[in-house]
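This is what each chain is made of:
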Amino acid sequence: MNRESILKVEGVGKSFGGLEILRNITFDVKKGERIGIIGPNGAGKTTFYNLLAGDLDPSKGTIYYCGQNITNLPNYKRANIGIVRTFQKNNLLTDLTVLDNLLLVLQRKEGLGNVWFKPRVEKHYSILFEKARELLSKWGLEKQTHKIVKSLSYGEQRQIEILLGIATDPKVLLLDEPTAGMSQAETNYIVNLLHTLPKELTLMIIEHDLEVVFGLSDRMIVLYNGGILVDGDPQIVRNDKRVNDIYIGQGESLSASS
Amino acid sequence: MDIIGAQLVNGVSYGLLLFVITCGLALVFGILGVLNLAHGSLYMIGAYIAYSVTVNSTENFWIALIIAPIAVALLSLLIETTLLRLTYHLGHLSQVLLTFGLAYVFHDLASMVWGSNVLTVALPPSLSGTTTLFNQNFPTYRLVVIGIGLVLAAALWFIQEKTRWGAIIRAGLCDKEMISALGINIKLVLTIVFIIGGFLAGFGGVIAAPILGLYPSMEFQTLILALVVLVIGGLGSIAGTFAASILIGLVETFSKYLMPELSLFLVFGLMAVILVVKPNGLLGKKVA
Amino acid sequence: MNKNVLITLITACLLFLGACGNSAIQSTSGTNEKTESSSGGNESIKIGALLPNSGVYASLGKNLNRGMELYFEEINWEVEGKKIEIINEDSEADPQVSLRKTRKLIEQDNIDILTGTVSTAVAYAIRDEVDSKRMPFLVSHAGGNDLTRSKRSDYIWRSSFSSWQIGNSMGEWAYENVGKKIYLTAADYAFGKEVSAAFKEAYTAAGGKIAGEVYPPLENNDYSSYLTTISGSDADAVYAFFAGSDAVRFVQQYEQYGVKEKMPLIGSGWLVSEDLRASQGNASEGTLAATFWDYNLQTDENKKFVTAYEKKYGERPTLESLEGYDAARIIAEAVKSLKGDVSDSKKVVDAFSEVNFQSPRGEFKFDKETHHVIQDMYITKAKLVDGKSENEVIGTVKQVKDPGK
Amino acid sequence: MKGNHSIKFLFIFLLMALSPFFLSLFHLNLLIEILILGIFALSLNLLVGYTGLVSLGHAAFFGIGAYASGIVAKELSPNLIATLPVSLLVSILVSSIIGMFCMKVSGFYFLMLTLAFSQMIYSFIHQSTDLTGGTNGLSGIPSPQLGGVDFSNPVFLYYLILLIFAAVFTGLSVLVRSPFGQVLIGIRENETRMKSMGYNTTLYKYSSFIIAGALGGVAGSLYTNFNGFISPSDVYWTMSGSVLIMVIIGGAGTMAGPVLGAGLIVILETIVSSYTNMWMLIIGVIFILFVVFFPKGIVGIGNSLVNNLAKSKPLYNESKPEAVYKKDA
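Residues numbered from 1 in each chain as written. Chains lettered and ligands numbered in written order. Predicted model: local features only at pLDDT ≥ 70, side-chain atom pairs only at ≥ 80, totals over all residues. Heavy atoms only, no water.

(A) Here's a closer look at the overall build of chain C. Check the secondary structure of chain C and you find 14 helices and 15 strands. Buried residues in chain C amount to 65% of all 405 residues. Considering only contacts in chain C between residues 6 or more positions apart, those separated by 24 or more positions represent 69%. For chain C, the computed accessible surface area is about 13,600 Å², with 47% contributed by carbon and sulfur atoms. (Helix = DSSP H or I, 4+ residues; strand = E, 2+ residues; numbered from the N terminus. Buried < 20%, exposed > 50% of the residue type's maximum accessible area, 1.4 Å probe, protein only. Contact = heavy atoms within 4.5 Å. Areas by Shrake-Rupley, 256 points an atom, 1.4 Å probe, with all protein chains shown as cover.)

Written out as structure tokens, the structure is:
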């Protein structure tokens, strides 16, 4: 396991007003790692993503990406260099079609000089359309191609949420509860698709469904009260007493979900 | 020094007049999220009703101060329940069109009923004297307006911060779904807030009429001024509206004193500077 | 789908618009002459009245219209056997709207004579259109100096006043009768600036000193700050130019802030005009103003006009009513001298220049060189009569003639 | 479908081109005015309808273009080669400066900040009497010329403006359908998501603001060339308000809407006010009726008519969303 580091977080903290949401977070992500992030509600998981994706600036600490300091890089630039997030609540362009949503992601690399003097139709941008179709068929959404997003079922919208993240061509993909609110069948479908993602893609998953997160991760980080409680092998986390205490306090049991 | 003191009184008095005119708009925008471009028209109708009530006897000013705001509040009730309610799900652009249309309609209705001459509302003798401060005569009524403004601000602050109603209203400002989850009839809250907004607009009309007078297109001038106060203060904050009113009153008064050529420019310049430096106004919360 | 809608709507619009009138190609391919073939033998004379019926100046427009209607009614809407017809268009006191309306009046309604405009900006805006279409235009209110100076046109004559006349007439009189040092204030727009400049010129030429000048914006709510400044100066009196709601507020606040006790207020007739004094109440008392007509002018013509007006409309005439009344008379006199033939616009304006009569304001005649009225200016003083404010004429400045440049 | 469209376009083009032969001079002038205000409304629509930025200060650019054109025509040359580019440049310059500040705020604050800047420009125009004529406006502007053709003849002017209108309309139609325009629509729909996709949304909004400002300036310049006059009332906030109304009432976010809105407002104002002084009442009632019955504007009315006529064709194929998952269950 001697892989190169891709994302490094050093002493990062975040406070709102006087309230400290995250404190002294430090860890190192290797390329291709699959990291599950768990923790009770209010542990600061989504805030942590906001810091990584650049939607919020940290109050303290430094974030490195491929050795570069990106602590104050705006979110869209991070997305461009490969740190891409999805949202806990579906955050889509709901009045546009599925295809339009996807094309907007794919066309980003076209460059400003090439994008304003001809309509975005298949005739002029056939490569984009091909790529979009390919992705949609891989995700079993080809029938939905021309539907308005808000007319789709919740599960399908959730799928598109993840698909948009993947289509952004990430090096590090931050998934925020990808299967939240889905039925068991839908969840299985998504998990299978996530398993097919390329090995070199670094994946971080916030997930409440412990079965899902243990199934996908090769490393776990447990956040509790704004700090890292445990960081390590899923097996270690599963047997950690403190972690179990927290989850038992919430009426769940780690060992029950194998 | 006297002249500075006198200008200070002028500024505070004008500022509080602005607050009386604006607070209704601030309330409606803050809670309903409706940009009510007919606010100026409600203000105008309040002023015209005050004129009609006082035209025979100046002593009726007190009656006008009760009747006019209530009449405007009833009109607001009518507007909210018949028209405005339809637009809550349609979004801001439809509300702009609707309230602008209402402003047009009220403009012509007012000129049909009250004509297009310049009118004023006369004050009862008890209010129409002068008082000397800083070696300068001030109309007593200006000082009364300072008092009214302060009392109104205190009352609104008290209601918003210290009563159950205020709590509901503040909750409505943050999250409409949440308060309907609490079992409170959100529709009713919106209606009542709009009625209170109308009441305050009418009240502002009566209070301002003896100073500003009544004339065609007065409502559009008032509207723009009120919007500026609202934005500088920050949306959804009575305290912000209060601070902005005083600030504008002072800035306008002193700019007229020190550099009269710039006064037209200055209020909007002030607004631009404040928005660029503090994108949510002086004390505002973030509203999309 | 949008295209379908677009097509139907555009077609409908165009067909609707094209339903009447000569085509534009026909109208423009010929000479620039007026295209009316009808007017010579037609039975009626069409007068286009471009006046504000809405907006800030609505009451002025209404009174001008009433004045005109009163005169035409007196002559039974008939001159030399021809019917008089007024076509009203609302100028909205907006230059661009007015230009559109002027085009309509000239091209669509085939008017013979144009009159009106309260706003000077409107008069300037339509000046080129009127000039190039050779439409006789009798200006019945707008007082901007340039209309009979640098923008003078063969076809534009003004029967009302110029801002120079208003301001200048009071300069010398104020120096001799009011005080040697004056504070100058006027609403910050072209007309206010022109009037106060004309006053200042005449006043300083007579030997007076200007203690200070300040120009509050139009539609200013609160004059307290200016009044505090003025009150602190060493002026003997204050010359002010404000109109409409500004005048009401200024005159009232002038009294309320105690400036009136220290310095008399003088200004133009609009400061304390007939339709404002009721709103100003006692505050107007003592104000001196220069005007070219007043309700209380004690001449036979004026008494007759006032009586007839009050009988018809149940309210007092204003300065604008008189302007409308006189404009109607000038048009009627001109048409009469042409024996009802208004087909040649050059002849119409020549006929204007010859019009001369006893108006309620005094003798009326045009300066043929500047196309502008030469008239007496009156100095009035507001007094309380039975608790109501009345203007009294206390002086006359004879035969004030705009220099025309 | 394609051929059908071309035929329709050809039909409209022919109709417009032939207008001077069957319209009276007055109506032709009215049509010119509609086309100019149509360009103005289209420019605002890029901002309001496509980018989702509601501006109440668009008259600033109209006014700047108009005054720049007027001053150049009076002081330098009435040649369109001089007036149009100067207007364009000045309005681009001003919109890029104002835009820089306006990008810092959003929503209602954006609306008010644009209002503030436009009112400051209004004050500037209002006060600099020597340059702009102050309240009296700038008058006596010579009629435009181009390569020896004098456009004092309204028919020539009509064709010129029709040409410019067609160019602007076509250009904007392409722009909003291009990937660039789609990004603007994306920002209107969900700016946060667009940022997460890697778009510098501020830059796109800024570009949209400048394009809108530039075209607003062109409209202003044409207005001056057409009227030979410009006054501060066309820079006042009421002008910004009325162009916003044109966009909304026509249908924001469509190409035809703003033009139809401009047409409706101009025709209403002209016709209604000829018959009654209560024109504001009537127009106000029409606004309200639109909100209540046709919230999508004129284009919305048209579309629902068409949809009713062709009920048999559903817009989207309905299929059961769950179907996808069943096979994996």
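The discussion continues.
(B) Representation of the environment of B:E261 in the model. Within the secondary structure layout, B:E261 lies in the loop between helix 10 (238-258) and helix 11 (263-277). Distance from B:E261 to B:V229, taken between C-alpha atoms, is 21 Å for residues 32 residues apart in sequence.

(C) Fine view of the UniProt feature "domain: Leucine-binding protein" (unreviewed entry) in chain C. The sites that UniProt annotates as "domain: Leucine-binding protein" (unreviewed entry) are residues 44-383 of chain C. The straight-line gap between the two end C-alpha atoms of residues 44-383 of chain C is 46 Å; of that span, 44% is helix and 22% is strand. (UniProt positions renumbered as here; feature names shortened; annotations may be inferred.)

(D) View of the nonpolar core. Core analysis: the largest hydrophobic core is formed by 357 residues, its most contacted members being C:F352 and D:F108. Ranked by the residues each element gives to this core, the list is headed by helix 2 (residues 25-50) of chain D, at 18 residues. Apart from residues lying up to four places away in sequence, C:F352 is in contact with C:I113, C:P136, C:L138, C:W157, C:I330, C:I331, C:A334 and C:F366. In terms of nonpolar packing, the next biggest core, distinct from the first, is built from 26 residues, A:I35, A:L51, A:A53 and A:V172 among them. (Core = buried A, V, L, I, M, F, W, Y, C linked by side-chain atoms within 4.5 Å.)

(E) Expanded view of the layout of surface pockets. If you add up the space inside the second largest pocket, you get close to 1,200 Å³. Around the second largest pocket sit 42 residues that line it, and B:T120, C:A278, C:S279, C:Q280 and C:G281 are the ones nearest its centre. Elements that contribute at least two residues to the lining of the second largest pocket include exactly helix 2 (39-54), helix 5 (140-162) and helix 8 (186-212) of chain B together with helix 9 (244-256), helix 11 (277-280) and strand 15 (388-400) of chain C. Among the elements that take part in the lining of the second largest pocket, helix 11 of chain C stands out by supplying four residues, more than any other. Broken down by class, the residue content of the lining of the second largest pocket amounts to 15 nonpolar, 19 polar and eight charged. Shared between two domains, the lining of the second largest pocket takes at least three residues from each, and those domains are domain 1 (33-161 + 298-368) and domain 2 (164-291 + 377-400) of chain C. (1 Å grid on protein atoms, 1.4 Å probe; cavity = no way out; pocket = protein on both sides within 12 Å on 5 of 7 lines; lining within 4 Å. Points joined across faces, edges and corners; volume = space filled by probe spheres on them. Nonpolar A, V, L, I, M, F, W, Y, C, P; charged D, E, K, R; others polar. Domains from an automatic or database assignment.)

(F) Representation of the confidence of the model for chain C within the structure. Residue and element names in this part refer to chain C. Averaged over chain C, the pLDDT score is 88; the fraction of residues at 70 or greater is 90%. Contacts for the low-pLDDT stretch residues 30-40, under 50 throughout, to residues beyond four places or in other chains number 20 contacts. Both confidence scores are given for the complex: pTM 0.90, ipTM 0.89. (pLDDT = per-residue confidence, 0-100.)

(G) Here's a closer look at the arrangement of the chains. There are four pairs of chains in contact here, and the one with the most contacts is chains C and D. One finds no contact between chain A and chain C; the C-alpha atoms of the two approach each other to within 17 Å at their closest.

(H) Broad picture of the sheet that holds strand 3 (residues 34-38) of chain A. All names here are of chain A. The mixed open sheet is built from six strands, whose spatial order is 6-7-8-3-9-10. Sheet topology places strand 6 (83-85) and strand 10 (227-232) at the edges, where each strand pairs with a single neighbour. On average, each strand axis in the sheet is tilted by 15° relative to the strand beside it, whichever way the strands run. Relative to strand 8 (residues 202-206), strand 3 is paired through four bridges, and the arrangement is parallel. Residue pairing for strand 8: G36 is matched across the bridge by I205. (Pairing = 2+ DSSP bridges. Axes fitted to C-alpha atoms, helices over the stretch in contact; angles between N-to-C directions.)

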